[in-house]
Amino acid sequence: MVGANNVGRLEQYRRLFQKHASVSAEPNQDEKVMSRDDFLAAVVPGEDFKKIQRSQFELLYKLADRSSKGHVSFDDFVIFQDLLAKPDAEYEVAFRVFDVNNTGKVTFDQFKQVLSSNMPDDAVPFDFDCDWLKLYIGSKEGDHELRYHEFTQLLKGLQGERLRQEFKHYDKDQTGFILPEDFKKIILDVAKHKLSDDVIDHLPTLCNLYGGGKVGFASVVAFHNVIRNIDMVELVIRKAIDASKSKKITKSDFLNHAHEASRYTAFTPMEADVIFHFAGVDDDSGVLGLEDFARILDPRWTTSGSDKRQSEVIEQELTAANAEKKGFLWKVVESTYAFALGSVAGAVGATAVYPIDLVKTRMQNQRSKVVGELLYKNSLDCFKKVIKNEGFLGLYRGLGPQLVGVAPEKAIKLTVNDFVRNTFLGRQNGEIQFWQEMVAGGAAGASQVVFTNPLEIVKIRLQIQGEQAKNMTNVPRRSAIWIVKNLGIVGLYKGVSACLLRDVPFSAIYFPAYAHLKKDVFKESPEHKLKITELLMAGAIAGMPAAYFTTPADVIKTRLQVEARKGQTSYTGIADAAKKIMAEEGFKAFFKGGPARILRSSPQFGVTLTVYEILHDLLPLPGHVTGATKPATTVAQNEHQAEQRLTLRSTNALKMLLDLDYRFGVYTVPPTKKQDA
């Protein structure tokens, strides 16, 4: 099920599968499946295969390819990922590897065969006749079979039994001590995949902890317990360091916080000695910080929870640092920057399509019930007559007020949309729902009316003025300043309700459509930067439905804001205008200038937003992230983090098998056999 705030699991699996599947299931079919390489690229991307070899991850491929078809279908992949999502996935995976006949039970012979066949020849042989194993399975001649829950308990204790048997193997004289190099061999067998390179290099130094030049069985067990309980070790260390003013702790601090963290003593003094010995190889003071303890465990075994906590801490620190750096003056700089770029982009967009806007306005103001005949047959006829009667510059009549007003209009529109989107994004970890995108766009459209309405009424009256001068005598030409003075503050907001009725739904449609076209159609991402043509197409296509469906509101607004000439119908408000237009001119009148509006609004917003984003790239403000780019980046980051979590699952799924031997699943042919071959 898809959650309210995050992409659902199934969609994550689908995206990951589609990203890597490259083989056709059948010839001449479009359905893709995963090859072995595709599967490994999906579940372990970026793996260096140094500590965990490729053949070991192929154990997972064998589980995913349920029918041994030689490929993994989408259904197979979903079932596999669902298995890995279980809290006991590492036990489930191990059980399925040992349950070779898929009966839900593991016999002694199966256990012996699987464990032996997946261990290299040079490994210390496991004694299958040991008393420990008989406690679980009975005698080797017995027919007792282990079901899943019994098997998990056996598996949990198996590593300890291997540890005991290997120590006994190297302690041939039964002194209770082994050589440091033998201790290293034992630990590498059962824990190499977990340890950092730094600890691996220093393993033999454990013999110096208590002197004597050798390592006792107690020290081996203590080291093993520390690695097995490393999550608890990390928890205690973090709590102790958080409570320390110096952010460093001693061995006593560790033991005190370990005692407080549980009802019983969590760690023995020897285990604490082991922790501080390997964390402090470069510091003999005995007072260590978090970075010292971090050297114990290989970073690939960081839990998803720890990753999340670490990301949250880093994000909080960065936020605090940015808040400190970016005070009031910085906010002023950012606002000025956005205002300037929005102004330039808006001016370019408005100028590019202004002739179409003039034609649209004159078509919308043309009444059917007027004394005399209609001036224009259609938009093209209007365009021709403007050039014929008023010259080329007549197409740009009223552009001045448009350029003056478009700067604050576009700036506030883009700013409000970004602000509302980012508010939703901040609450929902980078995800935003479609209705929230519409709310952000609608809020942007409502805010721009403060500038749009005065701009529109002055622009429209200047655009109509040329038409009146040609067809009526003694009509004085008025300047924009005269119109503003004549209308006054109240008059400049005539038709504001109709303006809201047009601009709110326009922006509520336009901004979400633009964002989804970039993301879903043109596949914008941090790795795929859109071309100028793609940005223009996204802006233009998004503007088409937004412009056409709001044409009726635009017609009403135009009629309310134009000063009616003698013989023309006058209107008192939105409802009155709608009623009279319907009665006098019919339903089609509400879509007068619709094509011209599409031809104007669609490319205008395409040009405006394209120029806006290009200017951001050409003239970046250091440390500034725009609302236009942030959502795509955030979503891409979330997808990348989701892939990392799936990768971590794959590594963790091998945890129990690798605990048996770090080479489990890898067969290494001894050099003598190679020579014989």
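That block above? That's the structure.
Residues numbered from 1 in each chain as written. Predicted model: local features only at pLDDT ≥ 70, side-chain atom pairs only at ≥ 80, totals over all residues. Heavy atoms only, no water.

J.: Describe the pattern of salt bridges, listing the residues and the values that go with them.
T.: As enumerated under the stated definition, the model contains 30 salt bridges in all. Close ionic contact of arginine 663 with aspartate 189 constitutes a salt bridge, the shortest N to O distance being 3.0 Å. In this pair, arginine 663 is assigned in the loop between helix H28 (655-660) and helix H29 (671-676) and aspartate 189 in helix H9 (residues 180-191), connecting sequence segments 474 residues apart. Here arginine 663 and aspartate 189 have matching classes, each one buried. Between arginine 238 and glutamate 234 there is a salt bridge, and its shortest N-O distance comes to 3.0 Å. Highlighted residues: arginine 238 and glutamate 234, both in helix H12 (residues 230-243), separated by four residues, approximately one helical turn. Of the residues examined, arginine 238 reaches a relative accessible area of 32% and is grouped as partly exposed. Several salt bridges share partner residues, and in doing so they unite Asp122, Arg162, Glu166, Asp189, Asp661 and Arg663 into one network. (Salt bridge = Lys/Arg side-chain N within 4 Å of Asp/Glu carboxyl O. Helix = DSSP H or I, 4+ residues; strand = E, 2+ residues; numbered from the N terminus. Buried < 20%, exposed > 50% of the residue type's maximum accessible area, 1.4 Å probe, protein only.)

J.: Could you give an account of a nonpolar patch on the surface, naming the residues involved and the relevant values?
T.: On the surface, Val450, Phe451, Ile489 and Tyr493 cluster together into a nonpolar patch covering about 370 Å² of accessible area. Here valine 450 lies in helix H20 (residues 434-471). Residue classification places valine 450 among the partly exposed positions, given a relative accessible area of 47%. (Patch = residues over 30% accessible without salt bridge, like charges linked within 9 Å, V, L, I, M, F, W, Y side chains within 5 Å. Areas by Shrake-Rupley, 256 points an atom, 1.4 Å probe, with all protein chains shown as cover.)

J.: Requested: an account of the packing of aromatic side chains, with residues and values cited.
T.: Taken as a whole and judged by the stated rule, the model has 29 aromatic pairs. With centroids separated by 6.2 Å and ring planes inclined at 35°, the aromatic side chains of phenylalanine 98 and phenylalanine 664 adopt a geometry described as tilted. Of this pair, phenylalanine 98 sits in helix H5 (residues 89-98) while phenylalanine 664 is found in the loop between H28 and H29, placing the two residues 566 residues apart along the sequence. Grouped by ring-pair contacts, the aromatic residues Phe95, Phe98, Phe111, Phe126, Phe128, Tyr148, Phe151 and Phe664 constitute a single cluster. (Phe/Tyr/Trp six-rings, centres within 6.5 Å; stacked < 30°, edge-to-face > 60°.)

J.: Talk me through unusual backbone geometry; I want residue IDs and the actual numbers.
T.: A positive phi angle is found at asparagine 102, which is not glycine, with a value near 55°. In this structure, asparagine 102 sits in the loop between H5 and helix H6 (108-117). Residue asparagine 102 is classed as exposed on the basis of its relative accessible area, which comes to 66%. In this structure, lysine 523 takes a positive phi of about 60° despite not being glycine. Summarising the element assignment, lysine 523 is placed in the loop between helix H22 (496-521) and helix H23 (532-549). Overall, the relative accessible area of 52% leaves lysine 523 in the exposed class.

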